[in-house]
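Take a look at the letters that make up each chain.
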Amino acid sequence: MNCAELQARLHPYVDGELPVAETTAADAHAAACPSCAARVGHEREFRRLLRRQPREAAPPELRARIVADVRRARRRARAAPWLVAPAVAAAAAALVVVLLLPVLRRPAPLVAELVNKHIAYAQVERAAEITSGDPAALEEWFRQRAGLRVVVPDYSPSGIRLLGARLAEAHEQRAAYLLYEKGHTLLSVFMVPGVATELEPGARVTYRGHEYAQLEVKGYHAVAWSDGRATFGLVSMLSYDALLECAARLRAEREQRASL
Amino acid sequence: MQVSRGGALILWRGTAQAGDGFEQVALPHLDAIYRVALRLTRNRAEAEDVVQEACLRAFRGFHRFNPGTNVRAWLFTIARNVFLNRLRREGREVTADGATLESERESTTGEASAGGSPEEEFFQTVLHGDVDRALNTLPLAFREVIVLVDLEELSYKEAAEVVGCPVGTVMSRLSRGRRLLRVSLAHFAREHGYLRERA
């Protein structure tokens, strides 16, 4: 290696970036050439000067912010992986449904209470305080007994037989309770004076122009609504369709009577 | 020759799982990322922003990090990209290529580093602040390779990956950048009176 060749490789040489053979050749030349040895020496000294520069540390607050960032990002990644990896969004959609179901199923206090009463009354041999299949007789009983103006719908055309009624308590107030039966399946109809402030946050269905809360509690179907004066709840093992039809008829009958 | 420069730069990581091990692998290099960001931005507040954003990006992209490669080079690359993106966003000039700069500077600086020139004598008297000043006046294309190779001790190959250019370009920017740096430092030394003007 001559002076020009070393000069051309000066920087990679002092940086230790030359192949071994070239490095050996450059070493040999520098050992024999004082001028080149001086250049190499100066270049190395300059590099040492740069490396002597104080090495600043990152501010502790910055480090703390980053550690917090990373922890937050990790928590999010674990809680909602699709936020980090969009590819699994489809799987996530399925997960959302699964996560939401318990929310939809979580009963509102009133509906849960009605379902519990339905279950309790279903196990009692004589659930009805008054046994009668005559709607007018039961309406009279409620009026005399508790001063309640109750519309007792007749579902017999649908094969749903009226068994009787009793006074119940719901939301710490007197409520009318009607018992029906289709085959051996019990249908409970509750009427609670006043409008439930928090009827049900779950699924809403519209049936014949009216909106109902429709939900499942403990395996029972429930349909509930408020009409501005009272709140109603139907609980049964019957299908939602059957419950909605019963609800619509009750609603229609109340409207008809109110207009008389 | 070019085995592990600067000690245990290369870290191996086993399995890649949603950012697991990020703190252990990446955060020990936070000071280095900060230093590089500081040299790029030349502004502390901006450097902190760059580092914070870069670390979050690095965490999210940790699964893309190739175990067995230089962690610092990978982190520097992310920090540099964050910095350049900010420049572009703010409509500031980006001269990442540096080709035009190099040709411009070549004509104005001349061959100041010829052996035995007066500049060689002032190294012992250079003040830390002078190196800072001199570095900060260097155009980005030269500044970044000097920061990566001379200050943070990356190999040419690693620096080339960070900057996204061939190794040969790193080499030429490095030699020209060092030359510019020495001219500036000699100028400061003259200002301080350490270096007498010679005819």
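Structure: see above.
Let us look at the structure shown here. (Residues numbered from 1 in each chain as written. Chains lettered and ligands numbered in written order. Predicted model: local features only at pLDDT ≥ 70, side-chain atom pairs only at ≥ 80, totals over all residues. Heavy atoms only, no water.)

1. Brief notes about the pairing of strand E2 (residues 161-170) of chain A
Residues and elements named next belong to chain A.
Working step 1: In terms of residue burial, E2 counts as a mostly covered element, since eight of its 10 residues are buried.
Working step 2: As judged from the two bridges shared by strand E1 (residues 130-131) and E2, these two strands associate in the antiparallel manner. Bridge pairing in E2 places Ile130 opposite Ala165.
Working step 3: In this sheet, strand E3 (residues 173-182) lies alongside E2 in antiparallel orientation, the contact comprising nine bridges. Following the sheet pairing, Leu162 is matched in E3 by Tyr180.
Working step 4: Hairpin remark: E2 followed by E3, antiparallel, with two residues in the connecting loop; positive phi at His171, about 55 degrees. (Buried < 20%, exposed > 50% of the residue type's maximum accessible area, 1.4 Å probe, protein only. Helix = DSSP H or I, 4+ residues; strand = E, 2+ residues; numbered from the N terminus. Pairing = 2+ DSSP bridges.)

2. Overview of the interface of chain A and chain B
Working step 1: If you look at the interface, chain A gives 36 residues, while chain B gives 45 residues.
Working step 2: Roughly 4100 Å² is buried in total at the junction of chain A and chain B, and carbon and sulfur atoms are behind 55% of that figure.
Working step 3: On the chain A side of the contact with chain B, Glu17, Phe46 and Glu56 of chain A bury the most area, a combined 15% of that side's loss.
Working step 4: Where chain A touches chain B, the interface holds nine salt bridges.
Working step 5: Where Arg63 of chain A meets Asp31 of chain B, a salt bridge forms, and the shortest distance between an N and an O atom there is 3.2 Å.
Working step 6: Here chain A is connected to chain B by 20 residue pairs in polar contact (both at pLDDT 80 or more).
Working step 7: Of all the secondary structure elements, the ones that give two or more residues to the side of chain A that touches chain B are helix H2 (10-14), helix H3 (20-32), helix H4 (34-51) and helix H5 (60-79) of chain A. (Contact = heavy atoms within 4.5 Å. Buried area = accessible area lost by both parts, 1.4 Å probe. Salt bridge = Lys/Arg side-chain N within 4 Å of Asp/Glu carboxyl O. Polar contact = N/O pair within 3.5 Å; in protein donor to acceptor, adjacent residues only side chain to side chain.)

3. Details of the sheet that holds E1 of chain A
All names here are of chain A.
Working step 1: Overall, antiparallel pairing links the eight strands, which are arranged E1-E2-E3-E4-E8-E7-E6-E5 in an open sheet. Each edge of the open sheet is held by one strand with a lone partner, namely E1 and strand E5 (204-207).
Working step 2: Pairing between E3 and strand E4 (residues 185-193): seven bridges, direction antiparallel. Counterpart to Glu181 in the pairing with E4 is Leu186.
Working step 3: Against the sheet, helix H9 (residues 135-146) makes contact with E1, E2 and E3, and its axis sits at roughly 20 degrees relative to E2, the strand it touches most.
Working step 4: Each of E4, E5, strand E6 (210-217), strand E7 (220-226) and strand E8 (230-236) touches helix H10 (residues 240-258); the most contacted strand, E7, lies at about 25 degrees to it. (Axes fitted to C-alpha atoms, helices over the stretch in contact; angles between N-to-C directions.)

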